[in-house]
Amino acid sequence: MLGTSMVIGDGVLTPCISVLSAVGGIKEATSAMTEDRIVWISIAILICLFMVQRFGTDKVGYTFAPIICVWFTLIGSIGVYNFIKFDPTVVKALNPQYIVDYFRRNKKDAWISLGGIVLAITGTEALFADVGHFTVRSIQISMCAVTYPALILAYTGQASFLRNHHHLVYDTFFKSIPGPLYWPMFVAAVLASIIASQAMISGTFSIIQQSLSLGCFPRVKIVHTSARYAGQVYIPEVNYLLMLACVGVTLGFRTTAKIGNAYGIAVVFVMTLTSSFLVLIMIMIWKTNIFLVISYVLVIGSVELMYLSSVLYKFNQGGYLPLAFAMVLMIIMFVWNDVHRRKYYYELGHKISPEQLKEIAVSANFCRMPGLAMFYSELVQGIPPIFNHYATNVPALHSVLVFVSIKSLPISKVPLEERFLFRRVEPKELNVFRCVARYGYTDVRNEHEPFEGLLVEKLKEFIKDSFWISQRNMDDNNGEKFDIKEEEFDDGLADGENGKEDVKQVDDQEKQQDLLDEEIEAIDKAWRWGVVHLIGENEVTAAKGAGIVKRILIDYAYNFLKRNLRQSDKVFDIPHKRMLKVGMTYEL
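These lines cover the structure that appears in this document, whether it is placed above or below. (Residues numbered from 1 in each chain as written. Predicted model: local features only at pLDDT ≥ 70, side-chain atom pairs only at ≥ 80, totals over all residues. Heavy atoms only, no water.)

The next thing to look at is the overall build of the protein. What the protein contains, in helices and strands, is 19 helices and eight strands. Across the protein, the fraction of contacts at a sequence separation of at least 24, relative to all contacts at a separation of at least 6, is 82%. Looking at the protein as shown, the accessible area adds up to about 31500 Å², and 63% of this sits on carbon and sulfur atoms. (Helix = DSSP H or I, 4+ residues; strand = E, 2+ residues; numbered from the N terminus. Contact = heavy atoms within 4.5 Å. Areas by Shrake-Rupley, 256 points an atom, 1.4 Å probe, with all protein chains shown as cover.)

Encoded structure:
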């Protein structure tokens, strides 16, 4: 939860610092551009960036791809130009001895400067997001053949430029651009900053989607924007919240210096947590040699912890922002996950057994009325306790009842023949069924009539298949018994008994066929009478005697989140005209 929260915080800070720093370069062209104007231009660009997210990562990415190629070509070329023109001897900086000398000479100031140096490698913490959008091989090729060489050339060229222009250290990037290339580079810088922002916004959407599937994030609408890649998603609610947060941070901090302090903490925290989890993977999944694990911790871990200690030094200079973001998000995620688990285990512990269902149905005070009822539930196994609450207060039930659980699978499409999984709830005479409706992320399920009709057709197919399977099993058992009889009796007696047995089997099959036809007709009749959608709306409250912490957690924090989030009928896309909500209070 901490790592997820820090990534979301990174998704807020990256657009702010990227766009603000790029737009700030216009000050080199005109002195009329004040700080206020730069801030408002940056806000306008950020709003436009978030507005285009609805079109999907693939469309936005393909639009930006030529721009980013031009960007890397320009910074690499200008780096080579500055390297040759000003001071090619900067290649001596590759000697590690200079690092040692630098720390000996500057001591504490050298350690503090690491917090600024780390900004040179930001963006690599977002590579996980790209894995959900593109192939691993394409990322490896683009990183090693384009991104890394261009950045090395750009930084080397800036170092050469600074050898002759020490006083321009704060505006090195735009000052080092040759005059005729200033405006093309300014435009490319602004567009590249938008692309960098896009990467973190996409990463935020991806990690929230994963958290949602683990029950660690409140219900939000997930829109899959690509039929090819499961990781390309758009979350409208999160998109607008990120936009408001970015506008607020840009207006509040106004300069890249303070945002940079906050950005550094977010980036290094994410990197450190990623390395920590990688150690677990190396030990538990990859079964890596323990000496390699220790070497990894000593080398990578020590470097990251050193950088982390440096960026935390500027905690009071804006560095508190990502930690404040993370704290708020962690509280939201923890509250939702904790109460959600409690509620799930409550339903498991109080679910209705088939025996209890039979008792309810055969009760003298209970009647069946024509029609088909679909009772929506998150439980895949068993009957939720809210059904008992409904039956107790409304002692009447439709002639056919189907408990429906809708599950979203991380695949593009679920074949129609595999979409519905049925199971009959015994006893058979009750006409109660369990159904799991499975959907891929490109399947449409907001067309209510086709869904109902399709479910009924698949239900009838399930009844027929179950009948023929039971018949086949019965025939196999009868055949075994008949073989034993044939060995025991003589030929004449066996022939006579065979004739009677054949007639009896034909009569039994006709009776079974009549029962099947009657059951199918009962389903069709219920379907013609109409369909009612029953949805459980459970309220949760802390049980009597619960401590004050649990009461705050359940009665106030969770219920506040629940009231302000998507309700179940919106998640399941249920038609309101035929929907009936059943309320019940769970004491957790």
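Still more ground to cover, so stick around.
As a further point, take a negative patch on the surface. Where like charges cluster on the molecular surface, the negative patch consists of Glu510, Asp514, Asp517 and Glu518. Assessed through its relative accessible area of 53%, Glu518 is described here as exposed. (Patch = residues over 30% accessible without salt bridge, like charges linked within 9 Å, V, L, I, M, F, W, Y side chains within 5 Å. Salt bridge = Lys/Arg side-chain N within 4 Å of Asp/Glu carboxyl O. Lys, Arg positive; Asp, Glu negative; His and termini not counted. Charge placed at Lys NZ, Arg CZ, Asp CG, Glu CD. Buried < 20%, exposed > 50% of the residue type's maximum accessible area, 1.4 Å probe, protein only.)

This part is about the pattern of salt bridges. In this structure the tally under the stated criterion is 10 salt bridges. We note a salt bridge from Glu35 to Arg254, for which the minimum N-O separation is 3.4 Å. Of this pair, Glu35 sits in helix H2 (residues 35-51) while Arg254 sits in the loop between helix H10 (236-253) and helix H11 (256-284), and the two are 219 residues apart along the sequence. The partner of Arg163 in a salt bridge is Asp87, with the nearest N and O atoms 2.8 Å apart. Taken together, the residues span a long stretch of sequence, with Arg163 in helix H7 (residues 136-164) and Asp87 in the loop between helix H3 (57-85) and helix H4 (97-106) at a distance of 76 residues. Here the salt bridges do not stand alone but share partners, grouping Glu35, Asp36 and Arg254 into one network.

Let's shift gears to the packing of aromatic side chains. One pass over the structure, following the stated rule, counts 21 aromatic pairs. With a centroid separation of 6.4 Å and an interplanar angle of 85°, the aromatic rings of Phe433 and Phe462 are classed as edge-to-face. Linking Phe433 in strand S6 (residues 432-439) with Phe462 in helix H16 (residues 448-488), this pair joins segments that are 29 residues apart in sequence. An identical accessibility class is assigned to Phe433 and Phe462; each is buried. One aromatic cluster is present, formed by Trp71, Phe173, Phe174, Tyr182, Trp183 and Phe186 through successive ring pairs. (Phe/Tyr/Trp six-rings, centres within 6.5 Å; stacked < 30°, edge-to-face > 60°.)

Before going further, it helps to examine a nonpolar patch on the surface. Together, Phe277, Leu280, Ile281, Ile283, Met284, Ile285 and Trp286 make up a nonpolar patch on the protein surface, roughly 750 Å² of accessible area in all. In this structure, Ile281 sits in helix H11. For Ile281, a relative accessible area of 32% gives the class partly exposed.

What follows concerns unusual backbone geometry. Notably, Arg254 is not glycine yet its phi reads approximately 70°, a positive angle. Notably, Lys287 is not glycine yet its phi reads approximately 55°, a positive angle. Relative to the helices and strands, Lys287 is located in the loop between H11 and helix H12 (290-312).

Once that is clear, we can look at the nonpolar core. Counting 76 residues, the largest nonpolar core has Leu13, Trp71, Phe205, Ile208, Val249 and Ile259 as its most contacted members. If you tally residues by element for this core, the top one is helix H9 (residues 182-213), at 14 residues. Setting aside anything within four residues of it in sequence, one finds Phe205 in contact with Gln53, Val233, Tyr234, Ile235, Val238, Asn239 and Leu242. (Core = buried A, V, L, I, M, F, W, Y, C linked by side-chain atoms within 4.5 Å.)

Below, the discussion takes up the environment of Met185. For Met185, the location among the structural elements is in helix H9. Along the primary structure Met185 and Phe173 are separated by 12 residues, whereas in three dimensions their C-alpha atoms are 10.0 Å apart. With near-sequence residues (within four places) excluded, Met185 lies in contact with Trp71, Leu74, Ile75, Ile78, Phe173 and Ile177.

Backbone hydrogen bonds are what pair the strands of a sheet, in a parallel or an antiparallel way. Taken in spatial order, the six strands line up as S5-S6-S4-S3-S7-S8 in an open sheet, and their pairing is mixed. At either margin of the open sheet sits one strand with a lone partner, and together these are strand S5 (420-425) and strand S8 (579-587). Each adjacent strand pair in this sheet contributes to an overall mean axis angle of 25°, direction not counted. Note that S5 and S6 share six bridges and pair antiparallel. Note that in S6 the partner of Phe420 across the bridge is Ala437. (Pairing = 2+ DSSP bridges. Axes fitted to C-alpha atoms, helices over the stretch in contact; angles between N-to-C directions.)

Attention now goes to the packing of helix H1 (residues 2-23) against H11. A pair of packed helices is captured by two measures, namely the crossing angle of their axes and the spacing between those axes. Relative orientation of the contacting elements H1 and H11 amounts to 145°, with a least axis distance of 9 Å. Viewed along their axes, H1 and H11 form a crossing whose handedness is left-handed. Residues Leu2, Gly3, Met6, Val7, Asp10, Leu13, Thr14, Cys16, Ile17, Leu20 and Ser21 of H1 touch H11, and the partners they reach there are Thr256, Ile259, Gly260, Ala262, Tyr263, Ile265, Ala266, Val267, Phe269, Val270 and Leu273. Here the residues of the contact of H1 with H11 are counted per class, giving 16 nonpolar, five polar and one charged. (Left-handed = near helix turned anticlockwise from the far one by under 90°. Nonpolar A, V, L, I, M, F, W, Y, C, P; charged D, E, K, R; others polar.)

Along any regular strand, the residues point their side chains to alternate faces of the sheet. Summarising burial for strand S7 (residues 531-541): eight of the 11 residues are buried, a large majority. With five bridges connecting them, strand S3 (residues 367-376) and S7 associate as parallel partners. What sits directly across from Leu372, in S7, is Val531. Where S7 meets S8, nine bridges bridge the pair, whose relative direction is parallel. Paired with Asn538 across the two strands is Met584, which belongs to S8.

At a minimum axis separation of 6 Å, H11 and helix H13 (residues 320-349) run at an interaxial angle of 55°. Considering the angle they form, H11 stands oblique to H13. Between H11, through Ala262, Ile265, Ala266 and Phe269, and H13, the contact on the second element is made entirely by Leu321, Pro322 and Leu323. By residue class, the composition of the contact of H11 with H13 is seven nonpolar, no polar and no charged. (Parallel < 35°, antiparallel > 145°, perpendicular 65-115°, else oblique.)

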